Every structure is written in C-alpha cells, then in structure tokens.
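# Examination of the molecular architecture
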Amino acid sequence: MSKNIHTDSGIEVKKIYQQADLPAAFNGQEIAGSFPFTRGVQEDMYRGKPWTMRQYAGFSTAEASNERYHYLLSQGVTGLSVAFDLPTQIGYDSDHPLAEGEVGKVGVAIDSLDDMHTLFKGIQPEQVSTSMTINATAFILLALYVAMAKQKGADLKKLTGTIQNDILKEYAARGTFIYPPKPSMRIITDVFEWCSVELPKWNTISISGYHIREAGSTAAQELAFTLSNGKAYVKAALEKKIDINTLGRRLSFFFNAHNNLFEEVAKFRAARRMWATIMQSLGATDPKAMMLRFHSQTGGSTLTAQQPLNNISRVTLQSLAAVLGGTQSLHTNGYDEALSLPTEEAARIALRTQQIIAFESGVTDTVDPLAGSFYVESLTAAIEEKAWDLITQVDRMGGSVAALEQGFMQDEIASSAYRFQQELEKGEKIVVGVNAFETVEKQNTPIFSVDDSIRQVQTEKLAALRNQRDPALVDRILQTLNDKAASDENIMPTVIEAVENKCSLGEIADELRSVFGEHR
C-alpha cells in the first residue's frame, strides 16, 4: 500500500490523476490575457518578451553598489533591484547610535540625495526599471529617487519601477516597521495618491508574500495573507476616494518561488484568479486593474550552508516554477547566500540560470504549458479553496489590520514553521545535505564581507551634508512636514522638498516619529 503524501499546505496528493479530478469549473476554453487571468496576464506571455530579469543587489556604500549594478547590466540584467541596509530600512541615519554594526551589511546605506545620485551614477532612470525592497521608509526612498531623476532631467511620467511599500507583512513576518499600522497605512495611501498623478507608470506597492513564506508559512497561507493585505490596501485607497481602476493598474505582488514545483505553479495560477475576483468585487471594471502582476524570488530560506553548490539546483527548480507559473519579473538567489552576500560569481550564475531557462529550455514557447494537466488543475483549485478559507477567517476579524492586531496571521505562520521544523527533525522531510546525504566537508566557498569602516565613511558624508545646507530652511521644511502629517494633507510633496534641500532620511523619519509614535 502506498503511503499518504501531502503538500506543505496539507493538500493530499493522489497516486494518479485522471479526467474526473479536473475541477467542475474547468472547461479548457480559458485563454491568457482575459479575466480571470488564470493562464497569465498577457495573451502571448513570453512569446512576446521574456520576464524582467532582476538581480537583487546592494551592499556597503552607494559607490560599491553602483559598481555592481554596472556589472549586472553588462551581463544582461534588464531591471535593477535595490537592497537597503537595516538602518535605512528602519529610518536611522548611518551615524545614529542604533546603526552601529549594521551599516552597509545587508544592503546599501542610503542617507541622503547625494547617496542616491551616487547609487545611480552613469545609469539613466528612464532607461532602467528599478525595484526597491523598502517598506517603512519607502516613501522617503521614492522621494530620493524622484529628486535624483528630476535633477538628471528625467521625465517622471516615463519612470518605471516598484517600491515594495508593503507594511502589513512587516507586522506579520519581517519586523522592519517604524510607525503603528494606521499611520503607516495613511502614508501608503499618500504614496498611491501622489503617484497616480505624478508617477503614472510606477508600481506604488509590491504586496509581498515572499517574507510571509520566508517566516515559515505554507503556500496556501502565503497566498491568503498576501491577498488579504492587498484587499486592505485597496479598501484604504477607496476611503481616500482614489479611483480603483487607476490604482489597480499600478499594484504589483511579490511571491516566493519555493521547492514543490507543481504546488508553486498552482499557487501562482490561483493567485491571479483570486485577485481578479477580489478586485471585481471591490468595484474594478477595467480588466487591467484586475490583473495580478507579480515579481518572484527564489526561496532564500531553502538555501543551505551545507553543500552550498546544491543550491544551484534548488534555485533552478524554483525559477522554473516561477516561469511556468507566469511571473512578470524574477530574481534568482546566489548559491552562497546562506553564507554571505552573493559574490560576483554567484550573482552571475544566478542570472545565467534565468537566461538558460528563457533561451534554452523551450518552456517559454507556449503560454501556460501545464494548463490542462489533471494534477495541476486539481492542485490549483485545491490551493485556491484553502486560501479562500483563510481569507474568510481574516475578513470575519475585520480584515488584515485587525487580524494582525489580534495576532492571527503571526500565530498561523509560527505554527506552520514549527510543524516543518518537527518534520525535519524526525526525518519526515528531507533536505539534501542537512538531514540526509550528508558529507564531511571543508568550507571553501568564497565569502563576501562588508567592512565595519563603512559607517565612518557614511558618517563623514553626513557631516559634510549638514555643513553645506541652510539650517533654518531645513527646520522650516521639517516643521511643515510635521504639520502636514498631523493634518489630512498628502505628505509626499513636502518629503520631496525635504530631500531636495538636504534633509537626511533619518531626520525625516524622526520628524514623523514625533507625530505618529513608534509601533512596539
């Protein structure tokens, strides 16, 4: 007798699938590019053009990261994805006491407009799509990017890119929040409103399941909590009288591409179908406002420090799942990222993995090639059902903000992470090289490290910045920002004015701390 097998989401996998296992609603007539977009958001998908190949990069100073960006662009990257260090993420300048030991370590340190200019030296903003993985301070980094682009003479109407700007998942899974949920949501809707007029091609939020999955969720939980958060953002925007059809065109999502190839493909297909249904129920009438467009990244938490070259195989499987699932943009992790920031060699291999899939594998030749598979269609329906059940529970609590305040999402994710760890320790789950097929090995993988002297470099830059500016003007602008934050006025124009007049990221974040307080 064969054993019972389940996916991590608890979906039973049958020994064999037949036509009778196809969902009742399946008719085989659906096409890509049409509601509900199960098969993809474009009619031709990759026959028209490949997904955007991004490499997430940022470390040390803006100068060092700029050098890496030029290298990646020379190797065929078609979009940049910026990683910021922890102080930048939580609104502290590099010279702040709490920044000690963290400056430039997990991303690039950006304190001012000067740093942003250096980061994009020799790169024209109109000619590259830029994604910024930033949340609590996303509005400040966007202001810095806009100010830099304006000073380079760029047409803001032509700028393309994304700020992550998804604070709800920070409370659920990641922890780089500053302000409490309600003022954080207000800042996000200010960004929506300002960009709808001034930055019409910019994706104003990347609603992220990636970090929910990294924290230990199942695929179904990743899907459910991400879409619930998306609903919360749209509802907040509607309360601000923002047009749902305008907003919907500029929303994007960010999902994890994990190891179970078929479950991941099913997750991506279900996500599109579910989001289209959600947006329609909220009042969207433009099909493009109902499309779920997503960036994906291979699973960082799946990478192992043991036998690190095995990670190349893991990343290949995960990338294939993202492509078969219809991603619009993809970042592939370096094989060495369980040990350090990726070396140049590891970043190149990661990018080549995408290029081999795109140009050698044949999987891009036809749209949604796994459609009609008895197994994949059944799995798509099953993961959708599980996700709807969770969304219903969140809705009964009053939506994502209330569910987070009650600890529901956090508890669900923690329980899943605990179950997985137990299964790993019992040998019920196998991770090659970790709890099976182990070898005694010497660690000879090159390690990329960032020098602690970076903080001194940034501190000197900040001192020079403060010596060059008009203190009275800075005080006046920060007071104006304080006044606008305490009112209902949109803060984005004042934030841009502040960075243009040499206010630092930490000063702007602190000014709003004095109005909104901090989330504990």
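An account of the accompanying structure is given in this report.

Criteria and cut-off values
- Sequence order sets the numbering: in each chain, residues are counted from 1 along the sequence as written.
- Residues qualify for local features only when their pLDDT is at least 70, as the model is predicted, and side-chain atom pairs are given and counted only at 80 or more; totals for whole chains, interfaces and linings, by contrast, use all residues.
- Calculation of side-chain values draws on the structure's entire complement of heavy atoms; hydrogens and water are dropped beforehand.
- Numbered from the N terminus, helices here are DSSP runs of H or I no shorter than four residues, and strands are runs of E no shorter than two.
- We compute the radius of gyration over the C-alpha atoms and compare it with the globule rule, which gives 2.2 Å times the number of residues raised to the power 0.38.
- Each residue is assigned to one of three classes by its accessible area relative to the maximum for its type, calculated with a 1.4 Å probe on protein chains only: buried under 20%, partly exposed between the two thresholds, exposed over 50%.
- The criterion used for residue contact is that any of the two residues' heavy atoms lie within 4.5 Å.
- Residues counted as positive are Lys and Arg, residues counted as negative are Asp and Glu, and His and the chain ends are not counted.
- Charge coordinates come from a single atom per side chain, which is NZ of Lys, CZ of Arg, CG of Asp or CD of Glu.
- Put simply, two rings from Phe, Tyr or Trp (the six-membered ring, in Trp's case) pair if the centres are within 6.5 Å, and we call them stacked under 30 degrees between planes, edge-to-face over 60, tilted for the rest.
- Residues belong to one nonpolar core when they are buried, are Ala, Val, Leu, Ile, Met, Phe, Trp, Tyr or Cys, and are joined through side-chain atoms within 4.5 Å.
- DSSP calls a pair of strands paired once it identifies at least 2 bridges connecting them.
- Fitting a line to C-alpha atoms yields each axis, with helices limited to the stretch in contact; the angle taken between N-to-C directions then spans 0 to 180 degrees.
- For this analysis, a polar contact is any N or O atom pair within 3.5 Å, provided that within protein one partner can donate a hydrogen and the other can accept it, and provided that sequence-adjacent residues contribute only side-chain to side-chain pairs.
- A side-chain nitrogen of Lys or Arg and a carboxyl oxygen of Asp or Glu constitute a salt bridge if their distance falls within 4 Å.
- By this rule, a helix spans an expected 1.5 Å times one less than how many residues it contains.

## Thoughts on the overall build of the protein
- Each helix and strand counted, the protein has 19 helices and eleven strands in total.
- Its C-alpha atoms give the protein a radius of gyration of 23 Å, within 12% of the compact-globule value 24 Å for 520 residues.
- Here the protein holds 520 residues, and the buried ones make up 57% of them.
- Expressed as a percentage of contacts within the protein between residues at least 6 apart in sequence, the contacts between residues at least 24 apart total 79%.
- Of the charged side chains in the protein, 50 are positive and 64 negative, and the gap between their average positions amounts to 4 Å.

## Notes on unusual backbone geometry
- Note that the residue after F35, namely P36, is joined by a cis bond; omega there is 5°.
- Its identity as a non-glycine residue notwithstanding, D368 has a phi of 45°, on the positive side.
- D368 gets classed as buried once you look at its relative accessible area, which sits at 7%.
- The phi angle at K502 is positive, at roughly 75°, despite the residue not being glycine.
- Mapping K502 onto the fold places it in the loop between helix 18 (492-500) and helix 19 (505-516).
- Here K502 falls in the partly exposed class, since its relative accessible area comes to 28%.

## Here's the deal with the packing of aromatic side chains
- Overall, the coordinates contain 16 aromatic pairs when judged by the stated rule.
- Between the aromatic rings of F120 and Y145, the centroid separation amounts to 5.2 Å while the plane-to-plane angle is 80°, which identifies the pairing as edge-to-face. Of this pair, F120 sits in the loop between helix 3 (113-119) and strand 5 (129-133) while Y145 sits in helix 4 (residues 138-151); the two residues are 25 residues apart in sequence, bridging distant segments of the chain.
- Classification of F120 as buried rests on a relative accessible area of 0%.
- Grouped by ring-pair contacts, the aromatic residues F253, F255, F268, W275 and F294 constitute a single cluster.

## A look at the nonpolar core
- Counting residues in each nonpolar core, the largest one holds 141 residues, and the members touching the most others are M116, M132, F139 and I508.
- With twelve residues, the single largest contributor to this core is helix 4.
- M132 has contacts with V82, F84, M116, L141, L142, Y145, T162, I163, Q164 and W202, leaving out every residue within four places of it along the chain.
- Among the nonpolar cores identified, the runner-up in size contains six residues, and A99, V103, A109 and V450 belong to it.

## Observations concerning the sheet that holds strand 10 (residues 294-298)
- Read across the open sheet, the nine strands follow the order 7-6-5-4-3-11-10-9-8; overall the sheet is parallel. Every interior strand has two partners, whereas the edge strands, strand 7 (202-203) and strand 8 (205-208), have only one.
- For strand 9 (residues 251-257) and strand 10, the ladder comprises five bridges, and the chain directions are parallel. By the bridge assignment, N256 is partnered in strand 10 with Q297.
- Across the sheet, helix 8 (residues 219-239) touches strand 8 and strand 9, and the angle it forms with strand 9 is around 165°.
- The strands that helix 10 (residues 261-281) touches are strand 9 and strand 10; relative to strand 9, the one it contacts most, it runs at about 160°.

## Let's talk about the side chain of Q355
- Mapped onto the elements of the fold, Q355 is located in helix 12 (residues 344-360).
- Looking at Q355, the relative accessible area reads 15%, which means it is buried.
- A distance of 2.8 Å separates the side chain of Q355 from the side chain of R352, its partner in a polar contact.
- Q355 has contacts with M53, Q75, G76 and E360, leaving out every residue within four places of it along the chain.

## Focus on the pattern of salt bridges
- Per the stated rule, a full pass over the model turns up 29 salt bridges.
- Of the charged contacts in the structure, one is a salt bridge between D286 and R249, with a shortest N-O distance of 2.8 Å. You can see D286 sitting in the loop between helix 10 and strand 10 and its partner R249 sitting in the loop between helix 9 (244-248) and strand 9, a full 37 residues away along the chain.
- Taking the shortest distance from any N to any O, the salt bridge between E384 and R273 comes out at 2.8 Å. Of this pair, E384 sits in helix 13 (residues 374-397) while R273 sits in helix 10, and the two are 111 residues apart along the sequence.
- Of the residues examined, E384 reaches a relative accessible area of 13% and is grouped as buried.

## Focus on helix 12
- With 17 residues, helix 12 ought to run about 24 Å at 1.5 Å a step, and its terminal C-alpha atoms sit 23 Å apart, in line with that.
- Those residues of helix 12 not exposed but buried are A346, A347, A350, L351, T353, Q354, Q355, I357 and A358.
- Packed against the buried residues of helix 12 are strand 3 (52-57), helix 1 (62-74), helix 11 (310-324) and strand 11 (329-331).

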